[in-house]
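# Tertiary structure, described
This is what each chain is made of:
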Amino acid sequence: NCGSENYDLLTRTKNAGTSGRRSLDVVMCRECSLCYLNPQPTREMYAAYYRTYGRKNRPREALIKEKYDQRQYIDLLEKHLNKSSKILDVGCGKGIFLSFFKEKGFENLSGIDLSEDEIRFANKEFRLNTEYAAIESYEKKDFDLVTLIATIEHYTDPRESLKAVRRTLKDGGLLFISTPNIQKMILRKGVSNYFKFVHTFYVSMTTLKSIVRQVGF
């Protein structure tokens, strides 16, 4: 967030996920309106989570059906690309989103994720070029498009992570972000169940625009 320690409690959820906590507090900064978990999970807690994330085996067809709505993103993005465009999906998981690009004839596809099990699945099932890596230490550059699908809410420092994303893009390259909108989430019934240990930050359109502009987009 902006660094301010002034905040209001937005919600307290009993859905502690894998954090081992009895509850999670989601707060809103009084200065910049960014919402986040307080206290934040430690890097060690995150590392332990991702060591086991992705081990649950599900049929490939079921995974594709679950992510089917993401095909609309491809329809939107391909208008700004050509089949040789370099595409990087950050937080690619099992590679479902990249597989939709592959179906459309795109070949220059890359993905990174913090779950080794997810990466193995993506490479085996979809024959994708994905690897275990964090965006902050990723060294490949000159991508025409970088996508973050349900990823930015997992970052412990979204500004620093987006700075790293910016370094991977060529001049004039595109950034595409899909993430839950906090303003819509708080209107849902049973809202506390939508807040999770692995989601450290929650943005609105206003706060997301502010963050990406601050890092140079």
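Please refer to the structure placed before this passage.
Rules of the game
Residues numbered from 1 in each chain as written. Predicted model: local features only at pLDDT ≥ 70, side-chain atom pairs only at ≥ 80, totals over all residues. Heavy atoms only, no water. Helix = DSSP H or I, 4+ residues; strand = E, 2+ residues; numbered from the N terminus. Buried < 20%, exposed > 50% of the residue type's maximum accessible area, 1.4 Å probe, protein only. Contact = heavy atoms within 4.5 Å. Areas by Shrake-Rupley, 256 points an atom, 1.4 Å probe, with all protein chains shown as cover. Polar contact = N/O pair within 3.5 Å; in protein donor to acceptor, adjacent residues only side chain to side chain. Pairing = 2+ DSSP bridges.

### Let's talk about the overall build of the protein
Along its length, the protein carries 8 helices and 9 strands. For the protein, buried positions account for 46% of its 217 residues. The contacts in the protein between residues at least 6 apart in sequence include a share of 64% that link residues at least 24 apart. Split by element, the accessible area of the protein, about 12200 Å² in all, is 46% carbon and sulfur.

### Remarks on the side chain of Thr-200
As for its position among the elements, Thr-200 is in the loop between α7 (182-185) and β9 (201-202). By relative accessible area, which is 0% here, Thr-200 ends up buried. A distance of 2.5 Å separates a polar atom in the side chain of Thr-200 from the backbone oxygen of Tyr-155. Dropping the residues within four chain positions of it, Thr-200 is found in contact with Cys-35, Tyr-36, Leu-37, Gln-40, Pro-41, Tyr-46, Glu-153, His-154, Tyr-155 and Thr-156.

### Section: the sheet that holds β9
Strand order in this open sheet of 4 strands is β1-β2-β3-β9, and the pairing throughout is antiparallel. Lying at the two open borders of the sheet, with one neighbouring strand each, are β1 (7-13) and β9.

Function cannot be inferred from these measures alone, as they are strictly geometric.
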